[in-house]
Structures are given as C-alpha cells and as structure tokens.
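The chain contents come next:
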Protein chains: 2
Amino acid sequence: MMQQIEKRSHREVPNEEINMKTCPKQYVLAVGDALNAFTGKWKLFIIGALIPGKQRFSELEKNIPKINPRMLSKELRDLEANGIVKRKVNDSLPVSVEYELTPSGYAMRLMFDSMIDWGMQHRAWSMPGKITRQ
Amino acid sequence: MMQQIEKRSHREVPNEEINMKTCPKQYVLAVGDALNAFTGKWKLFIIGALIPGKQRFSELEKNIPKINPRMLSKELRDLEANGIVKRKVNDSLPVSVEYELTPSGYAMRLMFDSMIDWGMQHRAWSMPGKITRQ
DNA sequence: CTGTATCCCGAGGGATACTG
DNA sequence: CAGTATCCCTCGGGATACAG
C-alpha cells in the first residue's frame, strides 16, 4: 500500500522556518498568504462543494445557493490561478467543464479542521450561548 | 511537567461533531465563523502584534505600519466584541489603556500554524518560485 | 451548457481634523 | 494619550442580459 512519507506537519524543520519568536512579521504575512487563497465571499463555499469530488459549472451553480454565474466564474478563475482548483474541459457536445481540487486544494482540509477546532474552543471559552455572525 | 491532555486535534469526538462527510454545510459555515474572527484588513496584524504580550494603543499604532487611529480603534472594538482581545484601562494620569489577547486570542496560534503549514506545502507543490500576492 | 459584458450599489476603509 | 467625527472614494460584489 504505497508507503507515504506524508508526516502531516513539518517537524524536520523546513528550509526556511517561520515562527512568531524569531520573525513575527514573516509569520503574520505567511498567515495572510494562506488567507488570501480562500477569502472573498464565495471561495470557501466553492472549495467546500468540491471536497466531495469534481463538479461541473452548473452543478456548482445549483449546489451553492444564491451565487450567480459571474461570481462563480470569477472565483473559479481566481482559485485556478492560485493552484487550488483545476479546470478540465471535455470536448463533447455540448461542452462540459469539470472543476476539481488540486492536491493543495484537498490539503486545505487540515487547515479548515484546525479552524473549526479553534471555533469550537472559542465558543466554549468565551461565549457560552452567544453567536456572532450576522 | 503538568500532564496535559491537549491533543491538538479532536479525536474523542466532541459533543457536536462537525465534519465534511456528514454535514458539509455546517462544516463550511464553521470554517467561515472562525474566519470572521480575523478578517478585515488589520485584525491579523493587530493579533500578531499582541501575541508577544500586551500593548498600549499608541504602541500598536507604532508597531503596525500605516494603520490609522480610526481603523485601529474600530478593529480593536471588533476584536474585543468577539472575545479575542481584552481592554484594560489604567486610571493613571494621563490614562493609559492596555490591550491583551484573551485565551481564545492566544489559542489562535495553533490555527495560524496550520495555515502556515498549508501555505508552505502549497508553494512547494504548485508554485515553485511564483508568489501570488499583490 | 459555460460562461462574459454592463451597469450599479453599498460597505469597508483612507485622510484629516478635532476632543476629553 | 486614546481615541471620534467627517468626508470621500475605491472596489467587491449583485442583477440582468447576452454570447459561443
């Protein structure tokens, strides 16, 4: 079964280490970089819709309530340019286009999981009962 | 050395489990909740500036290049309302005010670390050399 | 089916001046 | 020192219509 050296989190110390103690600015900027990959009103929903597997444009349109084709198209282009999503055109008639997460895209789940962990801890700690989202 | 059952990632299944398989919508929304806590142009920088320890208003102003008092004030109020930052007024003369991260605020580092991990992996995988931030 | 083109609007955020 | 008050403007994003 395919030996994999995945390791899940750097421990062998990567080439350039970024941490709060020695380079706080780089640290914040690095977080901001990751953030840029999925901010915007729809990117997170698109990624979420693609986690279960590839989808066509019209399927995404159906599965993401209230998004309009302009936004869907734009955000998909952004995500593709950023290497989160890959686009595959099937030369059938009529044409169909499939969108799928790249390995980087799928890898976002670990990050999302840790965000959810924080969110739940945060509620438990500081706002037992109250929710701050509009 | 203080036995700690920290575990870094939920495994004992918390009361309400949120995961992509069984409730994809809740999952995405939960990520969005965490996201809301530190979006906006300055929140991340403010949190970053406070990780090393408490700071006064004017110190933050100095340490965060190009922020203006209106924005600093507004973002600090948001962060306080969200339980990320706590504000403490010293009744000296002239008054001084100190801002400090709450436990939830400090706990964001785990989340940030996983975002940085993803960012570095992402670069290694899909954009050897190119950087997509304006 | 898979998008693009136009037009339009409101919120987020900058600059500057002012206050307790 | 620690903020508010005003004014202004950009830009993300909505609605609608059209195109290959």
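Structure's up top.
So, here is what we can say about the structure in this document. Since we're looking at a predicted model, the values are computed, not measured.

Rules used in this analysis
- Residues numbered from 1 in each chain as written.
- Chains lettered and ligands numbered in written order.
- Predicted model: local features only at pLDDT ≥ 70, side-chain atom pairs only at ≥ 80, totals over all residues.
- Heavy atoms only, no water.
- Contact = heavy atoms within 4.5 Å.
- Buried area = accessible area lost by both parts, 1.4 Å probe.
- Salt bridge = Lys/Arg side-chain N within 4 Å of Asp/Glu carboxyl O.
- Polar contact = N/O pair within 3.5 Å; in protein donor to acceptor, adjacent residues only side chain to side chain.
- Helix = DSSP H or I, 4+ residues; strand = E, 2+ residues; numbered from the N terminus.
- Nonpolar A, V, L, I, M, F, W, Y, C, P; charged D, E, K, R; others polar.
- Phe/Tyr/Trp six-rings, centres within 6.5 Å; stacked < 30°, edge-to-face > 60°.
- Near = heavy atom within 4 Å.
- Pairing = 2+ DSSP bridges.
- Axes fitted to C-alpha atoms, helices over the stretch in contact; angles between N-to-C directions.

### A word on the interface of chain B and chain A
Step number 1: Each side of the interface is counted separately: chain B has 51 residues, and chain A has 52 residues.
Step number 2: Carbon and sulfur atoms make up 66% of the area that chain B and chain A hide from each other, which totals about 4,800 Å².
Step number 3: Ionic pairing is found between Arg123 of chain B and Asp33 of chain A, a salt bridge with its closest N-O pair at 2.7 Å.
Step number 4: The interface formed by chain B and chain A holds 12 residue pairs in polar contact (both at pLDDT 80 or more) in total.
Step number 5: Listing elements by their share of the side of chain B that touches chain A, those giving two or more residues are α1 (24–36), α2 (43–50) and α5 (103–126) of chain B.
Step number 6: Counting residues per element, the side of chain B that touches chain A draws most heavily on α5 of chain B, which supplies 20 residues.
Step number 7: Among the residues making up the side of chain B that touches chain A, the classes are represented as 29 nonpolar, 14 polar and 8 charged.

### A word on the packing of aromatic side chains
Step number 1: This structure, assessed with the given rule, holds 5 aromatic pairs over all chains.
Step number 2: In textbook terms, an aromatic cluster arises when at least three aromatic residues are bridged by ring pairs, as seen for Phe38 and Phe112 of chain A together with Tyr27 of chain B.

### Some remarks on the protein's contact with DNA strand D
Step number 1: Around DNA strand D, the surrounding shell holds 18 residues, and the nearest of these are Lys41 of chain A together with Ser58, Ser73, Arg87 and Tyr99 of chain B.
Step number 2: A share of 64% of the atoms of DNA strand D within 4 Å of the protein falls on sugar and phosphate groups.
Step number 3: The side chain of Lys41 of chain A places a nitrogen or oxygen atom 2.7 Å from a phosphate oxygen of DNA strand D.
Step number 4: Within the side chain of Arg56 of chain B, an N or O atom sits 3.1 Å from a phosphate oxygen of DNA strand D.
Step number 5: Among the elements of the structure, α4 (69–81) of chain A together with α3 (57–63), α4 (69–81) and β3 (96–101) of chain B are those that each provide at least two residues to the surface near DNA strand D.
Step number 6: Counting residues per element, the surface near DNA strand D draws most heavily on α4 of chain B, which supplies 4 residues.
Step number 7: Residues of the surface near DNA strand D, tallied by class, amount to 7 nonpolar, 5 polar and 6 charged.

### Looking at the pattern of salt bridges
Step number 1: Under the defined criterion, the tally for this structure stands at 14 salt bridges over all chains.
Step number 2: One network of salt bridges, with partners in common, ties together Lys43, Lys74, Glu75 and Asp78 of chain A.

### Observations regarding the protein's contact with DNA strand C
Step number 1: Around DNA strand C, the surrounding shell holds 18 residues, and the nearest of these are Ser58, Ser73, Arg87 and Tyr99 of chain A together with Lys41 of chain B.
Step number 2: Put simply, 63% of the atoms of DNA strand C that lie within 4 Å of the protein are in sugar or phosphate.
Step number 3: Ser58 of chain A has a polar side-chain atom sitting 2.8 Å from a phosphate oxygen of DNA strand C.
Step number 4: A distance of 3.1 Å separates a phosphate oxygen of DNA strand C from a polar side-chain atom of Trp42 of chain B.
Step number 5: Listing elements by their share of the surface near DNA strand C, those giving two or more residues are α3 (57–63), α4 and β3 (96–101) of chain A together with α4 of chain B.
Step number 6: For the surface near DNA strand C, the element with the highest residue contribution is α4 of chain A, accounting for 4 residues.
Step number 7: Class assignment for the residues of the surface near DNA strand C results in 7 nonpolar, 5 polar and 6 charged.

### Some thoughts on the sheet that holds β3 of chain A
Adjacent strands of a sheet form backbone hydrogen bonds with each other and so pair up, either parallel or antiparallel.
All names here are of chain A.
Step number 1: Judged by pairing direction, the sheet is antiparallel, and its 3 strands sit side by side in the order β1-β3-β2 without closing on themselves. Edge positions in the sheet fall to β1 (55–56) and β2 (85–90), since each has one partner strand and no second.
Step number 2: Here β1 pairs with β3 via 2 bridges, running antiparallel. Bridge assignment links Arg56 to a residue of β3, and that residue is Glu98.
Step number 3: Running at roughly 95° to β3, helix α2 (residues 43–50) makes contact with β1, β2 and β3 of the sheet.

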